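Results of the structural survey
Spelled out from the first residue to the last, the chains are:
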Amino acid sequence: MPRYKATIAYDGTDFFGWQVQPGKRTVQLELENAVNKMAKNPEEHLRVQGSGRTDARVHAMGQVANFDLPFNIPADSVRKGLSTMLPYDIGIKKVEIVDDDFHAQFNAHNKTYRYRLSTTQYTDPFKRNYTGHWGRKLDPALMQQAIGDYEGEHDWLSFVASGFQQKTTVRTVYRATMIEKPEDDEIWFEFTGNGFLYNQIRIMVGVLLEIGSGSRPVDDIPRLLAAKDRQQARFTAPAQGLYLMSVDY
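Small disclaimer: the values here were computed from a predicted structure and weren't measured.

What counts, and at which threshold
Residues numbered from 1 in each chain as written. Predicted model: local features only at pLDDT ≥ 70, side-chain atom pairs only at ≥ 80, totals over all residues. Heavy atoms only, no water. UniProt positions renumbered as here; feature names shortened; annotations may be inferred. Helix = DSSP H or I, 4+ residues; strand = E, 2+ residues; numbered from the N terminus. Buried < 20%, exposed > 50% of the residue type's maximum accessible area, 1.4 Å probe, protein only. Contact = heavy atoms within 4.5 Å. Phe/Tyr/Trp six-rings, centres within 6.5 Å; stacked < 30°, edge-to-face > 60°. Lys NZ or Arg CZ within 6 Å of the ring centre and 35° of its normal. Pairing = 2+ DSSP bridges. Salt bridge = Lys/Arg side-chain N within 4 Å of Asp/Glu carboxyl O. Expected span 1.5 Å × (residues − 1). Core = buried A, V, L, I, M, F, W, Y, C linked by side-chain atoms within 4.5 Å. Domains from an automatic or database assignment. Polar contact = N/O pair within 3.5 Å; in protein donor to acceptor, adjacent residues only side chain to side chain.

1. What about the UniProt feature "binding site: substrate" (unreviewed entry) in the chain?
According to UniProt, the positions carrying the feature "binding site: substrate" (unreviewed entry) are Tyr113. Checked against the element boundaries, Tyr113 lands in strand 5 (residues 110–118). Residue class for Tyr113 comes out buried when judged on its relative accessible area of 9%. Once you skip the residues sitting within four places of it in the chain, Tyr113 turns out to touch Arg53, Phe189, Glu190, Phe191, Phe196, Ile201, Leu242, Tyr243, Leu244 and Met245.

Right, dumping it as structure tokens:
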């Protein structure tokens, strides 16, 4: 069976995350329903393998997944066909035919995430599903000074939520940047790394917000990394501000 690689965008607002869960609406479930419909509902259910999970309310601009079909269809015809079968909050940006051994998760080299923070004093009703909101005065210079401390290979045990299943909490962050967007009343935090743990980025952003509001020292990130204690990093930024931007292979 030919293998296809799809680049996918979705609005996570009405999803319980990526992974199939009994009785829950998830992105993976919607995609598998469409793929199996395209394959004319074969006896063996066809699975869609994503590059990784995203949590409830988290969005994606560049999620990657692979799946097989029981017959050859041109890649762009697959894209168009799936697009007609999927709900309004999932978009298929691109489909490619790949080698049979391609695996969206295991072949990924790095991922880039963006966290959008609304800096308005009120919760903007038009952004409430697409940005996080802090509601306290922030000093961007302090966050800009601190964010570079995330770069490098570290043990991220202080930055992972309970319930994580990975064998190791060591990951490498290649790039950590902050971009001010005053014209949009937003600040963007962007992170590229070889992998991220459960809630890791939202906790990283939460620490930056505490630094920016003066409730945590500007040089506290190295101490948190060395502590390897989740109780030391208290705040997890809201899910709706997080976007999976791209996956590199």
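2. Regarding the UniProt feature "active site" (unreviewed entry) in the chain
Cross-referencing UniProt, the feature "active site" (unreviewed entry) maps to Asp55 in the present numbering. As for its position among the elements, Asp55 is in the loop between strand 2 (49–50) and strand 3 (59–68). Not counting the four nearest positions on each side in its chain, Asp55 is found in contact with Gly17, Tyr198, Asn199 and Arg202.

3. Regarding the packing of aromatic side chains
Considering all chains together, one arrives at nine aromatic pairs under this definition. With a centroid separation of 5.5 Å and an interplanar angle of 85°, the aromatic rings of Tyr113 and Phe196 are classed as edge-to-face. Taken together, the positions of Tyr113 in strand 5 and Phe196 in the loop between strand 9 (186–193) and helix 4 (200–212) put the pair 83 residues apart, joining distant regions of the chain. Each of the two residues, Tyr113 as well as Phe196, counts as buried. Taking 5.9 Å as the distance between ring centres and 35° as the angle between the ring planes, the aromatic pair formed by Tyr150 and Trp156 counts as tilted. Grouping aromatic residues by their ring pairs yields a cluster made of Tyr150, Trp156, Phe159 and Phe191. Its guanidinium or amino end placed over the ring of Phe16, Lys24 lies 4.4 Å from that ring's centre, counting from NZ or CZ.

4. Points about the pairing of strand 3
Counting buried positions along strand 3 gives nine out of 10 residues, so the element sits mostly inside the fold. Bridge count between strand 1 (residues 3–10) and strand 3: seven bridges; the pairing is antiparallel. Bridge assignment links Ile8 to a residue of strand 3, and that residue is Gln63. Both strand 2 and strand 3 contribute to a ladder of two bridges, which runs antiparallel. Residue pairing across strands places Gln49 opposite Asn66, the latter belonging to strand 3.

5. Considering the pattern of salt bridges
Using the criterion set out here, one finds 16 salt bridges in the structure. With a shortest N-O distance of 3.5 Å, Asp76 and Lys80 are connected by a salt bridge. Placement of both Asp76 and Lys80 in helix 2 (residues 75–85) is noted, with a separation of four residues, approximately one turn of the helix. Residue class for Asp76 comes out partly exposed when judged on its relative accessible area of 39%. Three or more residues joined by partner-sharing salt bridges are found here, namely Glu210, Arg216, Asp220 and Arg223.

6. Considering helix 4
Owing to its 3.6 residues per turn, the α-helix aligns residues three or four sequence positions apart on the same side. The end-to-end C-alpha distance of helix 4 is 18 Å, a good match for the 18 Å that 13 residues give at a rise of 1.5 Å each. Counted residue by residue, helix 4 has 13 buried out of 13 residues, so it is predominantly covered.

7. Concerning the nonpolar core
Membership of the largest hydrophobic core comes to 68 residues, with the highest contact counts inside it found for Leu69, Tyr150, Phe189 and Phe191. If one sorts the elements of this core by residue count, helix 4 sits on top with eight residues. Residue contributions to this core reach at least three from each of two domains, namely domain 1 (3–98) and domain 2 (110–248).

8. Considering helix 1 (residues 27–38)
Taking 1.5 Å as the rise per residue, helix 1 with 12 residues should run 16 Å; its terminal C-alpha atoms sit 17 Å apart, in good agreement. Considering only its buried residues, helix 1 is in contact with strand 1, strand 3, helix 2 and strand 4 (90–98). Regarding helix 1, its N-cap is Thr26, as a side-chain oxygen of that residue lies 3.2 Å from the backbone nitrogen of Leu29 further along.

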